[in-house]
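# Chain and residue survey
Here are the chains, one letter per residue:
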Amino acid sequence: MFQKTSFTTLIVGVFIVYVLHTCWVMYGIVYTKPCDDPRSDKCITPYLASNPRLQLSIYTTLRSNGEGSHSLIHREEEFDVNAKFERLVNVSLPKKTRKNGTLYAMVFVHQAGLSPWQDPRQVLMVTQLTTYMLPKPPEVSLITGEEEHKPQEPQSMAKDDKLDRPVSHWRSRLTLNIVAENFLFDREALPSDVHRFMKVFQSGKKMVYLPLLFIDQLSNRVKDLMEINSSMTEMPLTISYDTIALGKLRFWIHMQDAVYSLQQFGFTEKDADEIKGIFVDTNLYFLALTFFVAAFHLLFDFLAFKNDISFWKQKKSMVGMSSKAVLWRCFSTIVIFLYLLDEQTSLLVLIPAGIGSLIEVWKVKKAFKIYVVWKGGKPTFLFGKSDESERRTEEYDSLAMKYLSYLLYPLCVGGAVYALVFVKYKSWYSWLINSLVNGVYAFGFLFMLPQLFVNYKLKSVAHLPWKAFMYKAFNTFIDDVFAFIITMPTSHRLACFRDDAVFLIYLYQRWLYPVDKTRVNEYGVSYDEEPKKKFHKD
């Protein structure tokens, strides 16, 4: 009575609902309902509408609650909230901070000419100027064995046995924002995210809110951190200020809370920095476009994964398939996984890479017909035999790899020698993994060529998993287009399109060697035959 719904259709439906729901949530964050009648008592008017004379004062303190001694590091007199600026100041470090302690900044916006503690209408925000992170190990030349520290960076005073202990790092940037637009809030529709940043006072019959001061934590990046040791008495601090729109403020608050939650769940400063880069390095419009592209990218990744698994699960013969290419993909995914593990990459990237490596190992087992038999608790590996058609494919595959090795081996060896002589690494293991992963990234596309050679010799492409192939190729095309749009070196842009060029050759072969739909496949069914269905009456 009802047509059976496929699993793919169900997934696409869930994906569409998810995208629509996310768009509605994002709209609710960016859009804030204003007060309809400015004369109504329900409206909360801005204090900045009266053009008050303001002053910006920044102090340092050792306690997060602001108690104890304070030290003034910067004062911006005649502070204009509509004028952006950037100041570089030197901050004196207390003895406790130099001994792996913390330091906080107290940011006041108050009436000009008054002390911030004497102004009842002052706005205060407290932020941390230090954070704890593992020190970066010194890089070593594998030829001379000498350590090398980067210039303009303080050398670590920790010993080798203390490299695993987090030490205090200085945040060299302090980014401040204020909502300068005269927005009338509706008391009955006040967003909860703005409410905790709002300080209100009564002026006659009206409610007035003080300037919405926001400290941008997303701008604190790992590249700006500087390790603190006991010999440092001063550290540089760049104070930057700019206005911010109300919609962007609300969005930034949600993203900042999300990053903070991840850190509470065990994400390191480096993990959080990767997430910050998604929001800080792009504008909001491009970020919204990136979300939609990333969502479709995830959908196509899943569909490619599903079709690839289904294809290899039913695969009985390796006729027309390049086993060397399958082995190379397994090797390359494992190398990339080890590289990400060595670089202490975020678990969001590391876990999918590990799962992909296991899948590629399973595909190698299927391609080379490896069977595992357990005897007495010990595994025994058995290899299946190839028929005449498979042996002919293996001959073409070996011939293609022979020609390819004339170009590939000198390039890989030359790159490894260059890295050994001119690049500094932490250890021999890091040099080996980096050399391998550089070879994978730079020359990995060349291992797509043996399959083209096998297709040419057999004059057929019917043996390829075209559904999974199309999904993967489309994802690659999306990545390459974005790499071209974003500001990158010309050489990198050209390199991004080489996979697409090889894929176009695959499409040309598909057109050149069309599938004979009247030929019976290995299951005894031809394309022009409809499967016969049997119906039973109850």
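Described below are features of the structure shown in this document. Source: prediction; values computed, not measured.

Counting its regular elements, the chain contains 14 helices and 19 strands. Considering only contacts in the chain between residues 6 or more positions apart, those separated by 24 or more positions represent 76%. A total accessible area of about 32,600 Å² is found for the chain, and carbon and sulfur atoms account for 60% of it.

Let us look at the sheet that holds strand β2 (residues 54-61). Spatial ordering of the open sheet is given by β3-β2-β5-β6, a layout of four strands whose pairing is antiparallel. Among the strands making up the open sheet, the edge pair consists of β3 (71-79) and β6 (123-128). Strand-to-strand, the axes of this sheet are offset by a mean angle of 15°, without reference to chain direction. Here strand β5 (residues 104-111) runs beside β6; their pairing, made up of six bridges, is antiparallel. Along β6, the bridge assignment pairs Val107 with Met125.

Bringing the environment of Leu88 into the picture now. Mapped onto the elements, Leu88 comes out in strand β4 (residues 85-92). With relative accessibility at 64%, the residue Leu88 sits in the exposed group. In this structure, the C-alpha to C-alpha distance between Leu88 and Ile239, residues 151 residues apart in sequence, is 6.2 Å. Residues contacting Leu88, with those up to four places away along its chain left out, are Pro236, Leu237 and Thr238.

A few words on the state of the cysteines. This structure, assessed with the given rule, holds one disulfide. A sulfur-sulfur separation of 1.7 Å characterises the disulfide bridge that pairs Cys35 with Cys43. Residues Cys35 and Cys43 share a disulfide whose torsion about the S-S bond is about -70°; that sign makes it left-handed. The buried category is assigned to Cys35, whose relative accessible area is 9%.

Another point: a nonpolar patch on the surface. A cluster of nonpolar side chains, Trp24, Val25, Tyr27 and Tyr31, forms an exposed patch at the surface whose accessible area comes to about 480 Å². With respect to the helices and strands, Trp24 occurs in helix α1 (residues 7-30).

Moving on, we get to the nonpolar core. Nonpolar side chains in soluble globular proteins tend to be buried together. Of all hydrophobic cores here, the largest spans 33 residues; its most connected members are Phe79, Trp170, Leu176 and Leu237. At the level of secondary structure, the elements contributing two or more residues to this core comprise β2, β3, β4, β5, β11 (173-178), β15 (213-215) and β17 (234-243). The biggest single contributor to this core is β17, with four residues. Setting aside residues no more than four positions away along its own chain, Leu176 makes contact with Leu56, Ile58, Val107, Phe214, Ile215, Ile239, Ser240, Tyr241 and Asp242. With 25 residues, the next largest nonpolar core counts Phe183, Phe214, Leu218 and Ile244 among its residues.

This part takes up the sheet that holds β15. One open sheet accounts for four strands, arranged β4-β17-β11-β15; its pairing is mixed. This sheet does not close on itself; its edge strands, each paired only once, are β4 and β15. Neighbour to neighbour, the strand axes of the sheet diverge by 25° on average, direction disregarded. When β11 meets β15, the two strands line up antiparallel, connected through three bridges. Note that in β15 the partner of Ile178 across the bridge is Leu213.

Before going further, it helps to spend a moment on empty space enclosed by the protein. Applying the stated criterion to the full structure yields two cavities of 30 Å³ or more. In this model, the largest cavity occupies a volume close to 60 Å³. Lining the largest cavity, in full, are Tyr47, Leu54, Val109, His110, Gln111, Asp119, Arg121, Val123, Leu210 and Pro211. Here the lining of the largest cavity takes three residues from β5, the largest share from any one element. In the lining of the largest cavity, the residues fall into six nonpolar, two polar and two charged. Volume-wise, the second largest cavity comes out at about 30 Å³. In the lining of the second largest cavity, the residues fall into three nonpolar, four polar and two charged.

So, on to helix α4 (residues 246-264). For α4, built from 19 residues, the straight-helix expectation of 27 Å at 1.5 Å per residue is met to within 8% by its first-to-last C-alpha distance of 27 Å. Leu246, Gly247, Leu249, Arg250, Phe251, Trp252, Ile253, Met255, Gln256 and Val259 are the residues of α4 that are buried. Two residues or fewer past α4, Gly266 is found with a positive phi of approximately 110°.

Here α1 spans 35 Å end to end across 24 residues, near enough to the 34 Å set by a 1.5 Å rise per residue. Among the residues of α1, Phe15, Val19, Thr22 and Ile29 are the ones counted as buried.

The next point concerns the environment of Val361. For Val361, the location among the structural elements is in helix α8 (residues 347-367). Judged by relative accessible area, which is 42%, Val361 ranks as partly exposed. When the C-alpha positions of Val361 and Arg329 are compared, they lie 9.2 Å apart, and in sequence the two are 32 residues distant. Other than its neighbours up to four places away in sequence, Val361 contacts Cys330 and Ile334.

Okay, the pattern of salt bridges next. With the rule as written, the count across this model stands at eight salt bridges. Between Arg87 and Glu76 there is a salt bridge, and its shortest N-O distance comes to 2.8 Å. Within this pair, whereas Arg87 is found in strand β4, its partner Glu76 is found in strand β3, the two being separated by 11 residues in sequence. Of the residues examined, Arg87 reaches a relative accessible area of 31% and is grouped as partly exposed. For Glu76, a relative accessible area of 12% gives the class buried.

At a closest axis distance of 9 Å, the pairing of α4 and helix α5 (residues 269-280) adopts a crossing angle of 160°. As summarised for this structure, α4 and α5 are arranged roughly antiparallel, according to the angle between their axes. Both α4 and α5 take part in a crossing whose hand is right-handed. The residues of α5 that touch α4, namely those facing Phe251, Trp252, Met255, Val259, Leu262 and Gln263, are Glu269, Ala272, Ile275, Lys276 and Phe279. For the contact of α4 with α5, the class distribution of residues is eight nonpolar, one polar and two charged.

Thresholds applied
- The residue numbers shown here count from 1 along each chain, following its written sequence.
- Per-residue local features of the predicted model are confined to residues with pLDDT of at least 70, and side-chain atom pairs are confined, for both listing and counting, to 80 or more; whole-chain, interface and lining totals are unaffected and use all residues.
- Note: side-chain values were computed over all heavy atoms of the structure, leaving out hydrogens and water.
- Runs of E in the DSSP output that reach at least two residues are strands. Runs of H or I that reach at least four are helices, and both are numbered from the N terminus.
- Between two residues, a contact is recorded if the distance between any of their heavy atoms is within 4.5 Å.
- Exposure was quantified through the Shrake-Rupley algorithm and a 1.4 Å probe, taking into account, for residues, occlusion by the shown protein chains and nothing else.
- Should DSSP find at least two bridges between two strands, the strands are regarded as paired.
- The axes are straight lines fitted to the C-alpha atoms, using for helices just the contacting stretch, and the angles between their N-to-C directions are given from 0 to 180°.
- Buried residues are those whose accessible area, probed at 1.4 Å on protein chains only, stays under 20% of the maximum for their type, while exposed residues exceed 50% and partly exposed ones sit between those limits.
- Any two cysteine sulfur atoms within 2.5 Å of one another count as a disulfide.
- A residue counts toward a patch only above 30% relative accessible area and without a salt bridge, and it is joined to like-charged neighbours within 9 Å or, for Val, Leu, Ile, Met, Phe, Trp and Tyr, to nonpolar neighbours within 5 Å.
- Just to be clear on terms, a salt bridge is a Lys or Arg side-chain nitrogen sitting within 4 Å of an Asp or Glu carboxyl oxygen.
- Throughout this description, the term nonpolar core refers to a set of buried Ala, Val, Leu, Ile, Met, Phe, Trp, Tyr and Cys residues connected via side-chain atoms within 4.5 Å.
- We place a 1 Å grid over just the protein atoms. Points where a 1.4 Å probe fits but has no way out form a cavity, open points with protein on both sides within 12 Å along at least 5 of 7 lines form a pocket, and any residue with an atom within 4 Å of a point lines it.
- Grid points are joined across faces, edges and corners, and a volume is the space filled by probe spheres set on the points.
- Ten residue types, Ala, Val, Leu, Ile, Met, Phe, Trp, Tyr, Cys and Pro, are classed as nonpolar, four, Asp, Glu, Lys and Arg, as charged, and the remainder, Gly among them, as polar.
- Each residue after the first adds 1.5 Å to the expected span of a helix.
- When an angle is under 35 degrees it counts as roughly parallel; over 145 it counts as roughly antiparallel; between 65 and 115 it counts as roughly perpendicular; any other value is oblique.
- By definition, turning the near helix anticlockwise from the far helix through less than a right angle yields a left-handed crossing, and turning it clockwise yields a right-handed one.

Without other data, these values stay purely geometric and don't point to any function.
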